[in-house]
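# Per-entry structural report
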Amino acid sequence: MRIALVTGVSGQDGSYAAELLLGQGYRVIGTVRSIDRVRASPTPLLEQIELLQWNLLDQRELVRILSFYRPAEIYNFAAYSSGEGMYDHPLEIAEINGLSVARILEAIREVDCGIRFCQASSAEMFGAASDSPQSESTRFAPRSPYGAAKVYAHSMIDIYRQRYGVFACSAILFNHESPRRGLGFVTRKITHTAAKIKLGLAEDLALGNLEARRDWGFAGDVVRAMWMMLQEPQAGDCVVATGQTHSVREFCEAAFRHLGLDYRDYVREDPSFYRPLEPIQLVGDTRKLRSIGWSPQIDFFQLVKMMVDEDMGHLST
Ligand code: GDP
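In this text the structure is predicted, and so the values were computed from the model without any measurement.

Moving on to the overall build of the protein. Check the secondary structure of the protein and you find 11 helices and 13 strands. In terms of C-alpha radius of gyration, the protein reaches 19 Å, essentially the compact-globule figure of 20 Å for 317 residues. Over its C-alpha atoms, taken along the principal directions, the protein stretches across nearly 60 × 45 × 40 Å. Buried positions account for 54% of the 317 residues belonging to the protein. With the model as given, the accessible surface of the protein reaches about 14300 Å², and the carbon-plus-sulfur share is 49%. Each charge class in the protein was averaged separately, 34 positive and 39 negative side chains, and the resulting centres sit 3 Å apart.

What follows is the structure in structure tokens.
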């Protein structure tokens, strides 16, 4: 039985990756920052995988884990996520989102260069890039400590690939959402509040820039792309995106419409949610991704409906 190690398994992407890998017949080892915290809110998924507590700063412990389990594949999701916190705690972000990836690569090199590695990199690395759409060869121009740390990790992957022949891949992920998305992200904020409005639990929804556009994909489709990257004969980097953008306004329109409501009656713009710096149009060039046989199973409107339905389900019970 092939073994896969998923770091950050209790987060949105880690949990979708674990589900996919279990479905493919892998034995899944998942690492979390705190087992006690995860045990406090158990999910059926977490009962099907083997959970380990691993502090990303503990290099020796990682070497022990890899030597003991000898995973065939590692998927790295353990990191600070993007969003509003991207400018806070720059040193911790550098340590966790950047240096930890070098630690994993070093541990792979020490234990077994045959372990395949896929990193959740981010479109934030493009930041103020001048080209749009962005592809694997677009120059990085990060604007946040988060983006800069991800660029460092991405560069180390290339170096370990070139220098040591490690099968290391960087999946450059554009925004990817799901019912498991945190409430700080605009998509989930919209679906959760729209469901509350429908149920009479909230009156309105205050948002920032309604014209901001994103390339929003489904998290389950994104982790499938990462798995496919590790099944390729050659390691490489790949933009993981849908290639299409929608505005925050369009997201609102679709979410409220699904509930039989008109977003214009409830959504108001609140300047306190405006961002000082918005990236240029972030939209992925998906040619390479499609060339490995990937296509999304969930489109934008299905994604919105899935998120609204799930929030309605939670809030009505
Ligand atoms: P990001 O792409 O990682 O920054 O993901 P977010 O979901 O946090 O933001 C996506 C876009 O939605 C950004 O351009 C925000 O400016 C815009 N936006 C508009 N209103 C809001 C809001 O109330 N909250 C958040 N988080 N973003 C908002």
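Okay, back to it.
Tyr75, Ile190 and Phe256 are the most contacted members of the largest nonpolar core, which totals 64 residues. Here the element with the most residues in this core is helix α8 (residues 219–231); it accounts for 9 residues. Formed jointly, this core draws a minimum of three residues from each of two domains, domain 1 (3–176 + 218–240) and domain 2 (181–215 + 244–282 + 297–316). Those residues in contact with phenylalanine 256 that lie beyond four places of it in its chain are Ile190, Ala194, Ile197, Leu205, Leu261, Asp262, Tyr263, Tyr266 and Val267. Residues Val63, Ile104, Phe117 and Tyr160 belong to the second largest nonpolar core, which totals 29 residues.

Okay, the state of the cysteines next. Under the counting rule described, the total for this entry stands at 0 disulfides. Looking at cysteine 118, it has no disulfide partner, and the nearest cysteine sulfur is the one in cysteine 169, 5.4 Å off. On the basis of relative accessibility, which here comes to 0%, the residue cysteine 118 falls in the buried class.

Turning next to the domain arrangement of the protein. Partitioning the protein into domains gives domain 1 (3–176 + 218–240) and domain 2 (181–215 + 244–282 + 297–316). Centre-to-centre separation of domain 1 and domain 2, based on C-alpha positions: 27 Å. Contacts between the two partners involve 21 residues from domain 1, matched on the other side by 16 residues from domain 2. Across the domain 1/domain 2 interface, buried area totals approximately 1600 Å², and carbon plus sulfur atoms make up 51% of it. The interface formed by domain 1 and domain 2 includes 0 salt bridges. Where domain 1 packs against domain 2, one counts 5 residue pairs in polar contact (both at pLDDT 80 or more).

About the cut-offs
- Residues numbered from 1 in each chain as written.
- Predicted model: local features only at pLDDT ≥ 70, side-chain atom pairs only at ≥ 80, totals over all residues.
- Heavy atoms only, no water.
- Helix = DSSP H or I, 4+ residues; strand = E, 2+ residues; numbered from the N terminus.
- Rg over C-alpha atoms; globule rule 2.2 N^0.38 Å.
- Buried < 20%, exposed > 50% of the residue type's maximum accessible area, 1.4 Å probe, protein only.
- Areas by Shrake-Rupley, 256 points an atom, 1.4 Å probe, with all protein chains shown as cover.
- Lys, Arg positive; Asp, Glu negative; His and termini not counted.
- Charge placed at Lys NZ, Arg CZ, Asp CG, Glu CD.
- Core = buried A, V, L, I, M, F, W, Y, C linked by side-chain atoms within 4.5 Å.
- Domains from an automatic or database assignment.
- Contact = heavy atoms within 4.5 Å.
- Disulfide = S-S within 2.5 Å.
- Buried area = accessible area lost by both parts, 1.4 Å probe.
- Salt bridge = Lys/Arg side-chain N within 4 Å of Asp/Glu carboxyl O.
- Polar contact = N/O pair within 3.5 Å; in protein donor to acceptor, adjacent residues only side chain to side chain.

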